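For reference, the chains in residue letters:
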Amino acid sequence: MLTPNPQDFLETMSDSPTHRPQTRIVGTPQIRKEGVDKVLGRAKYIDDLPGEGAHEGMWHGATVRSAIPRGRIRAIHFNPRIPWSEFVIVSATDIPGENHIAMIGADQPCLVSEQVNHCDEPILLLAHPDKRRLPEAVAAIRIEYDPLPAVLSIEASETLQEIVWGNDNIFKQFHLEKGNVDEVWASAAHIVEGEYSTGAQEHLYIENNGMIAEYSEETGITVWGSLQCPYYVHKSLMSVFALPADQVRVIQVETGGAFGGKEDYPSIIASHAGLLAMKAKRPIKIVYDRTEDLAATTKRHPSRTRHRTAVDGNGKLLAMEIDIALDGGAYATLSSTVLSRATLHATGPYVCPNVRISSKAWATSTVPCGAFRGFGAPQSIFAIERHMDKIALALSITPDEIRRRNFLHTGDTTATEQRMNEPIILDTLLERALKESDYHAKRKLFAGQNSRSPVKRGLGLAAFYHGAGFTGSGERYLNSLAGIDVPANNKVRVLVANTEFGQGTHTILCQIAAESLNLSYDDVEVAPCDTNVVPNSGPTVASRTSMVVGRLIERSGHQLVSMLRERASLPETYSAPEFFAACDRYRNRQGKVESLCRYEAPPNIYWDDKQYRGEAYPTFAWAVYVAEVAFDSVTYSAEVTNLYAVQEVGRVLNPTLAAGQIEGGVAQAIGYALYEKVLLNNGHMVNNQMTNYIMPTAADVPPIHVFFEEIPFAYGAYGAKGIGELPHDGPAPAILNAIQDATGHSFTAIPLLPEDIFLRFLAPTPNEEPVAQ
Amino acid sequence: MRGNPESHELIGAPNLSAVLAQLSAAPGQWTPIAGGTELMVAHAAGRLNAPKLISLWGLSELNFVRIADNAISIGGGATFGQIRKNAVIETDFPLLSKAASWIGSIANQSRATIAGNIVNGSPAADAPPALLVYDAEIELISARGARRLPYADFHLGYKRSVLQPDELVLALHLPRRFSTHRQYLRKVGTRKAMAITKAALAATAIVEDGVIAEIRLAAASVAERPVRLFATEASLIGKRINASTIQSARDALLSEVRPIDDIRSTAQYRKQVAANLLEEFIHELSPEPSLA
Amino acid sequence: MSLIPLTVNGRPTQVAAPPMKRLLDVLREDLGLTGAKEGCGEGECGSCSIRMNGELVNSCLVPILQADGASIQTVEGLAIDAELHPLQKAFLECGGAQCGICTPGMLMAATHLLESNPRPTLDQIREGLAGNLCRCTGFVKIFDSVAAAAAMGGNLKYAR
């Protein structure tokens, strides 16, 4: 396929219906495929299982976890008041294969054998028929440690006084150079510096992690659970149990929210359930309660970003020097890829001829961080979008104008020298966001009112992009396979390893299949997400499902139609009964009706991992958000009163689901900015309860106004790009920009709590104005 | 879920006397449980140190709202949902109505009782500040009989009160003489709903010709128990409302309160916010717009 | 163990359970009604909410002894045979359910709200649902669903 001409897209982009590619089902608000079960309360999540007759003789499992952040285990004492013979106990010595969780690296043990590297690290597993007996048993195990010094922050890790990982505490680092940053400072009209930091964040899916495992010598290990990526779990289990691929089976059951928190963690809990199942010789269920899930599972990487920026007299960016530090926790997990995305989003949606980015992911003695919606981009975008406002203030240019002067346009190159060939409509998005939010008029009004009111109001902007899909060669490496089949029951089945956890995977993929096969939405269903049934279509992450996997389904549909025309006399136009009749004919001759397609990279996407240069992403979603806030000077608390979310996301495949993603992501990001704080004491999360890890309630979320522009991406399913993570990138900086507008005070760290704002009123920093040289 | 239901004995009783007899027979052995919105949370966390519990749920002798001409009596077993729905309470004691609407969520309000809120003894409890500024009396009952005392004398210290091991809270009595008072209640929490109080201020006052003739102030989360702010009140009684009065009242409050740093907030923040709430209230009392 | 009689979704039944067993666990384990979920165990998330004697309660905070003789209504009783309750229809049409784990509790809270206030304002909807946490939707389409159900009119009364 030829590189599309931007002009063609600009024509298709207009609102006129005659320019939209005609589709019957894609682009319509089809009802959620599994929605009826959900509203009936019939959907079965892992703790709702087993059903009648299933998992006979199942016991329950629990985990004994470390009480200190770092140290060697000296002794383990089992209090004799517990009848231990009733329990099955598993330790690291019971692991038949490798004692590690195979992710990108393999440094994280499945169970601690000698040394603890973070609080709440799993050491022992217990199983018992009565789940109510387990907490008491866990509490009756006393572990003696020889403590080692713990490293509890990025700054502490950077001193290298204590090495807790590798040779230098660094999981991964990147260094990116474009142009020549050093030659610019001397002659620049202004240089603006800033430091920005973001805290850890908990996914707070309403369903805690859970698994059921069965083990037999004959069939190997099978796990059922709440998870995002069955083949990730599959790969990990092969390693822990030293079993070949066909002796490991992973089945996803209805999953109550994930947001990245069930991307890598399930490999751990699945291994644990499996080890108990193997030793106990019976099915085992492990389900965490909220306090355990909060304390022991992955969080968003905390970050610290330093900007040094040279601009000319008109506010045009001349050079950006950026230093990024992420806190990865005790093991590498996904830190290298989170760092990569953070690095690639650090310059914002702007043109800058000279860029230097130096980024590092640091090891600390805390619970390992993992994937969380946005995956490094929220951290970087917070920094650049706060920094752009700082630059604007330093030059007395308005926040919208500074961005207008620097926006990327088609033909510009990014920090990695990726030439933006696709249409970029940031100017349009900005204008729309300003219009919908009544930005200028409201800012003027509030400025007039604020001095006379204890409640100060303001508005703030953020402009951003989110690279859709895996970075660089990621998709090539995944080499996903997906498609459809038609069993004898006259339903088309979508065969994917991609999971539904609320975002609409099942619905979207069925819409795509139905569209490409010219059938109705009800003719299509999704095959069970079972590694024995579905091919490896890659993980459900990186906002790739609609765009990449959907495209495979779209192609598989067209491919199946061709196959049926060629081999089963499917007529040129056909009804559903004629389609299924042709399938019957095909099945009789060929044995089965199946159409699979493998990933094909879009042309002209070349990424050099070593040089860290080239086409980082095949396409981008673009957005401008406006936050309106009210700051109460009596209580020092800020709340969002309106959030305007304008984005260009390629083709909107289902307007209800798409808006739902934006609204949910925005709400989560509001929590990230103003409410959600992970409080650690010696590396252990002390606010590990819903009562004191604060997410916004129905009473707290503001009206969220969602607007879509659509420029179809030629290589995404029916023009789709990724959408799921984008909405978490922008709200936090827009909110803090708005708070500065409302109060005149600049805050550079989130979560920003009333207590933090209060301290500024107590002792304002002497130089509130940004330093401009 | 870390509690084991089989480790606890829970009994009911047909009426209040039977409950009181049980408490009297083995003082301190039986933990009363009403709506369970505190004890069941402890149970789930595996820290319910109560091997024997006796249920108060559904006892009609504890669940009532009685309206007399000069007072309203609210049974200890009345839930906050019931309190919210009572029209007379809303008219005569709007601060209590408001406080009731801030307890947890609707689902919590249907179970949480006013006695439970008080007896649990948290300095952050929602009902006590309102009760304090309404001069509430608390009536305690045991097999030995009943006794009444000013609610202001009930809490002795952090989670300590005058309640004896064989006693229950029978009722709160609120005198119906506040309808002409200016009234104020504001809670500052971590979010707008389902929030534990970081600081709260309740106030009732009478202002005559710009002079504060009567004032009662009570606060949550500024001390180890719910407290009346007597010293701050003293700084305001008989004073004309002006900028200087406000400043001295703020200073009095800042000296009087003794909040702590905890998982939810800081002592400094709580002090300052409590003073701001007081100032907000006094501004509301003032007929002078220039004070704004 | 105690023998506790109760009526669940209109059907009288009884369970043998230790008196401190949570109503949530009785529903899920003894009665096979897994609609009510455990999201937190502390009465904060509302995913366990059901109706007991017409009141909305968090079933994780109710010891079964206190449900003796109670009339319990759960999400499983909302639909009548194949006919979805207006709220369920609205949640489907308006996108009020994403991952679905909060949905049963949310439906119970919404049912409770609409039975006493058939035409709630947005603020009243917010308050009625403030005890039910949803991490997926940002609540927007849940508010839309409740408003749509209210506009549908019809029989919002819990039938069983």
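For clarity, every value in this text was computed on a predicted model and none was experimentally measured.

Draft legend 1. Expanded view of the sheet that holds strand β19 (residues 524-526) of chain A. All names here are of chain A. Here we have four strands laid out as an open sheet, ordered β19-β18-β17-β20, and mixed in their pairing. Lying at the two open borders of the sheet, with one neighbouring strand each, are β19 and β20 (594-598). Taking each pair of neighbouring strands and ignoring which way they run, the sheet shows an average axis angle of 20°. In this sheet, β20 lies alongside strand β17 (residues 481-485) in antiparallel orientation, the contact comprising five bridges. Following the sheet pairing, A482 is matched in β20 by C597. The strands touched by helix α15 (residues 545-568) within the sheet are β17, β18 (492-495) and β20, with β20 carrying the most contacts at an inclination of about 135°.

Draft legend 2. Quick look at the side chain of E263 of chain A. Residue and element names in this part refer to chain A. Along the chain, E263 turns up in the loop between β11 (248-252) and α6 (265-280). In this structure, E263 is buried with no salt-bridge partner, the nearest side chain bearing the opposite charge being R341 at 9.5 Å. In this structure E263 touches Q228, C229, Y232, L334, A371, F375 and V541, once residues within four positions along its chain are discounted.

Draft legend 3. Spatial organisation of the domain arrangement of chain B. Residues and elements named next belong to chain B. When its domains are assigned, chain B resolves into domain 1 (5-55), domain 2 (65-175) and domain 3 (182-285). Distance from the C-alpha centre of domain 2 to the C-alpha centre of domain 3: 21 Å. With 27 residues of domain 2 at the interface, the matching set in domain 3 holds 23 residues. In total, about 1900 Å² of surface goes out of reach between domain 2 and domain 3, with carbon and sulfur atoms giving 65% of it. Of all residues in domain 2, W102, P123 and V133 give up the largest surface area on contact with domain 3, accounting jointly for 28% of the area buried on that side. Linking domain 2 to domain 3 there are three salt bridges. Measuring nitrogen to oxygen at the nearest pair gives 3.0 Å for the salt bridge that ties D126 to K187. Here domain 2 and domain 3 share 10 residue pairs in polar contact (both at pLDDT 80 or more) between them. For the side of domain 2 that touches domain 3, the secondary structure elements donating two or more residues are α5 (94-102), α8 (128-133) and β8 (155-157).

Definitions and cut-offs
- Each chain carries its own residue numbering, running from 1 in the written order of its sequence.
- Key to labels: chains lettered from A, ligands numbered from 1, both in the order written.
- Only residues with pLDDT of 70 or above have their local features reported here, since the model is predicted, and side-chain atom pairs are shown and tallied only from 80 upward, although totals for entire chains, interfaces and linings are computed over all residues.
- With hydrogens and water set aside, each side-chain value is computed from the structure's full complement of heavy atoms.
- Here a strand pair is declared whenever DSSP counts at least two bridges between the two strands.
- Helix and strand assignments come from DSSP, with helices taken as H or I runs of at least 4 residues and strands as E runs of at least 2, each series counted from the N terminus.
- Orientation is described by lines fitted to C-alpha atoms, with helices fitted over the stretch in contact, and by angles between N-to-C directions that extend from 0 to 180 degrees.
- The contact rule is simple, with two residues in contact once any of their heavy atoms fall within 4.5 Å.
- The rule is simple: take the accessible area with a 1.4 Å probe, protein chains only, and divide by the maximum for that residue type; under 20% is buried, over 50% is exposed, in between is partly exposed.
- When charges are tallied, Lys and Arg are placed among the positive residues and Asp and Glu among the negative ones, while His and the ends of the chain are skipped.
- Whenever a carboxyl oxygen of Asp or Glu lies within 4 Å of a side-chain nitrogen of Lys or Arg, that contact is scored as a salt bridge.
- Domain ranges listed in this record stem from an automatic or a database domain assignment.
- Each of two parts loses accessible area, computed with a 1.4 Å probe, when they are put together; buried area is these two losses added.
- Polar contacts here mean pairs of N or O atoms no more than 3.5 Å apart (in protein, one a potential hydrogen donor and the other a potential acceptor; neighbouring residues in sequence count only if both atoms are side-chain atoms).

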